[in-house]
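Now for the letters of each chain:
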Amino acid sequence: DTGVSQDPRHKITKRGQNVTFRCDPISEHNRLYWYRQTLGQGPEFLTYFQNEAQLEKSRLLSDRFSAERPKGSFSTLEIQRTEQGDSAMYLCASSRSGSGDSYEQYFGPGTRLTVT
Amino acid sequence: AQKITQTQPGMFVQEKEAVTLDCTYDTSDQSYGLFWYKQPSSGEMIFLIYQGSYDEQNATEGRYSLNFQKARKSANLVISASQLGDSAMYFCAMRSYNAGNNRKLIWGLGTSLAVNP
């Protein structure tokens, strides 16, 4: 079990550029979540996948944001035309599913985005 | 609407002493779960402990225990015998298990814990 991995760990980009982040969940986990965390705040939910299906998107996820999980394994989060307000830590988490449904979410190390 | 409130922005504790981090929650759901996570300065969220709304016993995991008072809607984290490595941000989070919920976590603002030698 190698844990949840995210790439890159840090990204500095200029306003208006597009960025893409990748998340590799724990292999047997079929649920994958994206959260955004700004300084001094708790994480905010962005979107959720069960296998390859994107089941919910937060209203925080504007049209500039898109997420995919094409084969139900890794996921990508793309931000188009980045704005300074997009600067944050982007966290990915994965979990199992089952009848108990109390399974905790395991988080990756995050991708810290800085938009200049 | 669901909400998590952590009223202690910062806490200090002496090494080897116990500390309680407060968490209150608001939900109209009958079935839900409460989680505590630790976030060191490195940024990664580390799961600590879980309490289900129907669990009668307070959850314990090593030095961590959860003081669950359902009627008061509180789920305080107790860390016993604090260690220097416990210095971190601590987040309380909640998830609803009602049908149709996507199981996303709702988070508090966190409490910064500093353990003094």
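Everything here concerns the structure above.
Residues numbered from 1 in each chain as written. Chains lettered and ligands numbered in written order. Predicted model: local features only at pLDDT ≥ 70, side-chain atom pairs only at ≥ 80, totals over all residues. Heavy atoms only, no water.

Comments concerning the overall build of chain A
Thought 1: For chain A, the count of helices and strands is 0 helices and 11 strands.
Thought 2: The N-to-C order of helical and strand elements in chain A reads β-β-β-β-β-β-β-β-β-β-β.
Thought 3: With respect to the three principal axes, the spread of C-alpha positions in chain A is 45 × 25 × 25 Å.
Thought 4: In chain A, which comprises 116 residues, the share counted as buried stands at 47%.
Thought 5: For chain A, the exposed surface amounts to about 5,800 Å²; the carbon and sulfur share of it is 42%.
Thought 6: Taken as two groups, the 15 positive and 14 negative side-chain charges of chain A have centres that lie 6 Å from each other. (Helix = DSSP H or I, 4+ residues; strand = E, 2+ residues; numbered from the N terminus. Buried < 20%, exposed > 50% of the residue type's maximum accessible area, 1.4 Å probe, protein only. Areas by Shrake-Rupley, 256 points an atom, 1.4 Å probe, with all protein chains shown as cover. Lys, Arg positive; Asp, Glu negative; His and termini not counted. Charge placed at Lys NZ, Arg CZ, Asp CG, Glu CD.)

A look at the side chain of Gln 8 of chain B
Thought 1: Tracing the backbone shows Gln 8 of chain B in the loop between β1 (3-5) and β2 (10-14).
Thought 2: Owing to a relative accessible area of 12%, Gln 8 of chain B belongs among the buried residues under this scheme.

Remarks on the nonpolar core
Thought 1: Core analysis: the largest hydrophobic core is formed by 24 residues, its most contacted members being Tyr 25, Leu 34, Trp 36, Ile 49, Leu 77, Ile 79 and Tyr 90 of chain B.
Thought 2: Looking at this core, the element that brings in the most residues is strand β10 (residues 88-96) of chain B, giving 4 residues.
Thought 3: Tyr 25 of chain B has contacts with Lys 3, Ile 4, Tyr 32, Leu 34, Phe 68, Lys 70, Lys 73, Ser 74, Ala 75 and Met 94 of chain B, leaving out every residue within four places of it along the chain.
Thought 4: Grouped together as the second largest cluster of nonpolar side chains are 19 residues, Val 19, Ile 26, Leu 77 and Val 115 of chain A included. (Core = buried A, V, L, I, M, F, W, Y, C linked by side-chain atoms within 4.5 Å. Contact = heavy atoms within 4.5 Å.)

Some words on the state of the cysteines
Thought 1: Enumeration over the complete set of coordinates arrives at 2 disulfides over all chains.
Thought 2: Disulfide pairing is shown between Cys 23 of chain A and Cys 92 of chain A; the S-S distance is 1.9 Å. Its torsion about the S-S bond being -70°, the disulfide of Cys 23 of chain A and Cys 92 of chain A is classed as left-handed. Here Cys 92 of chain A lies in strand β9 (residues 88-95) and Cys 23 of chain A lies in strand β3 (residues 19-24), a separation of 69 residues in the sequence. In terms of burial, Cys 23 of chain A and Cys 92 of chain A fall into one category: buried.
Thought 3: Paired by a disulfide, Cys 23 of chain B and Cys 92 of chain B hold their sulfur atoms 2.0 Å apart. The disulfide joining Cys 23 of chain B to Cys 92 of chain B has a torsion of about -60° about its S-S bond and is therefore left-handed. Remark: Cys 92 of chain B occurs in strand β10 and Cys 23 of chain B occurs in the loop between β3 (19-21) and β4 (24-26); sequence separation between them is 69 residues. Pair check on accessibility: Cys 23 of chain B and Cys 92 of chain B agree, each one buried. (Disulfide = S-S within 2.5 Å.)

Some remarks on the pattern of salt bridges
All names here are of chain A.
Thought 1: Tallied over the full model, the rule gives 6 salt bridges over all chains.
Thought 2: Ionic pairing is found between Arg 64 and Glu 83, a salt bridge with its closest N-O pair at 3.4 Å. Taken together, the residues span a long stretch of sequence, with Arg 64 in the loop between β6 (53-57) and β7 (65-68) and Glu 83 in the loop between β8 (75-79) and β9 at a distance of 19 residues.
Thought 3: Judged by relative accessible area, Glu 83 falls into the partly exposed class, the value being 41%.
Thought 4: Between Asp 86 and Arg 64 there is a salt bridge, and its shortest N-O distance comes to 2.8 Å. You can see Asp 86 sitting in the loop between β8 and β9 and its partner Arg 64 sitting in the loop between β6 and β7, a full 22 residues away along the chain.
Thought 5: Linked by salt bridges that have partners in common, Arg 64, Glu 83 and Asp 86 make up one network. (Salt bridge = Lys/Arg side-chain N within 4 Å of Asp/Glu carboxyl O.)

Things to note about the sheet that holds β8 of chain A
Residues and elements named next belong to chain A.
Thought 1: Taken in spatial order, the 4 strands line up as β1-β3-β8-β7 in an open sheet, and their pairing is antiparallel. Of all the strands in the sheet, the pair left with one neighbour each is β1 (5-7) and β7. Neighbouring strand axes in the sheet, compared pairwise and without regard to direction, differ in orientation by 15° on average.
Thought 2: Sheet analysis places β3 next to β8, joined by 5 bridges and oriented antiparallel. The residue of β8 that forms the bridge with Thr 20 is Glu 78. (Pairing = 2+ DSSP bridges. Axes fitted to C-alpha atoms, helices over the stretch in contact; angles between N-to-C directions.)

On their own, these measurements won't tell you what the molecule is for.
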